[in-house]
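The residues making up each chain are set out below.
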Amino acid sequence: NNGDSSEDYPASYDDVMSVAAIDEQENIASFSQFNDKVDICAPGVNVESTVGDGYGMKSGTSMATPHVSGVALLLWNNFPTCMNFEIRNALEQSAKDLGTNGPDIYYGHGAVKYWAAFDYLTNNPCDNSPPPPPSPP
């Protein structure tokens, strides 16, 4: 990522969740893309990761994205009848709002929060109805 507003792919495809990176103080990382495709954010600065034959600190949206993927997997394990769009909706609706009020180009819907998403799905059960068709361009 270049820390600019360009749309990189595959993150900018509509069917993909674009994940921004934040630091420990929940500030957007300087390298994180910012545009209207950003859906959600997660820790991505100085994250412990495997490197070579050991561990080290890494930064990048490639560190942030696994946080969101892991939360999605845990949710799906606990709510196996949910469809992918219902898991995505739960992640977005339960994210901790950061930046300006509501979704924005830096943080998307906000920081991913597992228990908030779990509570959202507990209180808003999945109905397995297909999603509405996308609006024509």
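Before any of the text, the structure's been laid out above.
Residues numbered from 1 in each chain as written. Predicted model: local features only at pLDDT ≥ 70, side-chain atom pairs only at ≥ 80, totals over all residues. Heavy atoms only, no water.

1. Here's the deal with the overall build of the chain
Within the chain, the secondary structure is distributed over 3 helices and 4 strands. Element order for the chain, N to C, with α for helix and β for strand: β-β-β-β-α-α-α. Judged by the C-alpha coordinates and their principal axes, the chain covers about 45 × 35 × 25 Å. Once local pairs closer than 6 in sequence are excluded, the contacts in the chain between residues at least 24 apart make up 55%. Split by element, the accessible area of the chain, about 8,200 Å² in all, is 53% carbon and sulfur. Side chains of the chain give 5 positive and 18 negative charges; the mean places of these two sets differ by 3 Å. (Helix = DSSP H or I, 4+ residues; strand = E, 2+ residues; numbered from the N terminus. Contact = heavy atoms within 4.5 Å. Areas by Shrake-Rupley, 256 points an atom, 1.4 Å probe, with all protein chains shown as cover. Lys, Arg positive; Asp, Glu negative; His and termini not counted. Charge placed at Lys NZ, Arg CZ, Asp CG, Glu CD.)

2. Comments concerning the state of the cysteines
Here is the idea: a disulfide is a covalent bond, and it sits between the sulfur atoms of two cysteines. For the coordinates displayed, the defined rule picks out 1 disulfide. Each sulfur in the disulfide pair Cys82 and Cys126 lies 1.9 Å from the other. Its torsion about the S-S bond being 85°, the disulfide of Cys82 and Cys126 is classed as right-handed. Placement of the pair is Cys82 in the loop between helix H1 (61-78) and helix H2 (84-94) and Cys126 in the segment after helix H3 (114-123), with a sequence separation of 44 residues. In this structure, Cys82 and Cys126 share a single accessibility class: buried. (Disulfide = S-S within 2.5 Å. Buried < 20%, exposed > 50% of the residue type's maximum accessible area, 1.4 Å probe, protein only.)

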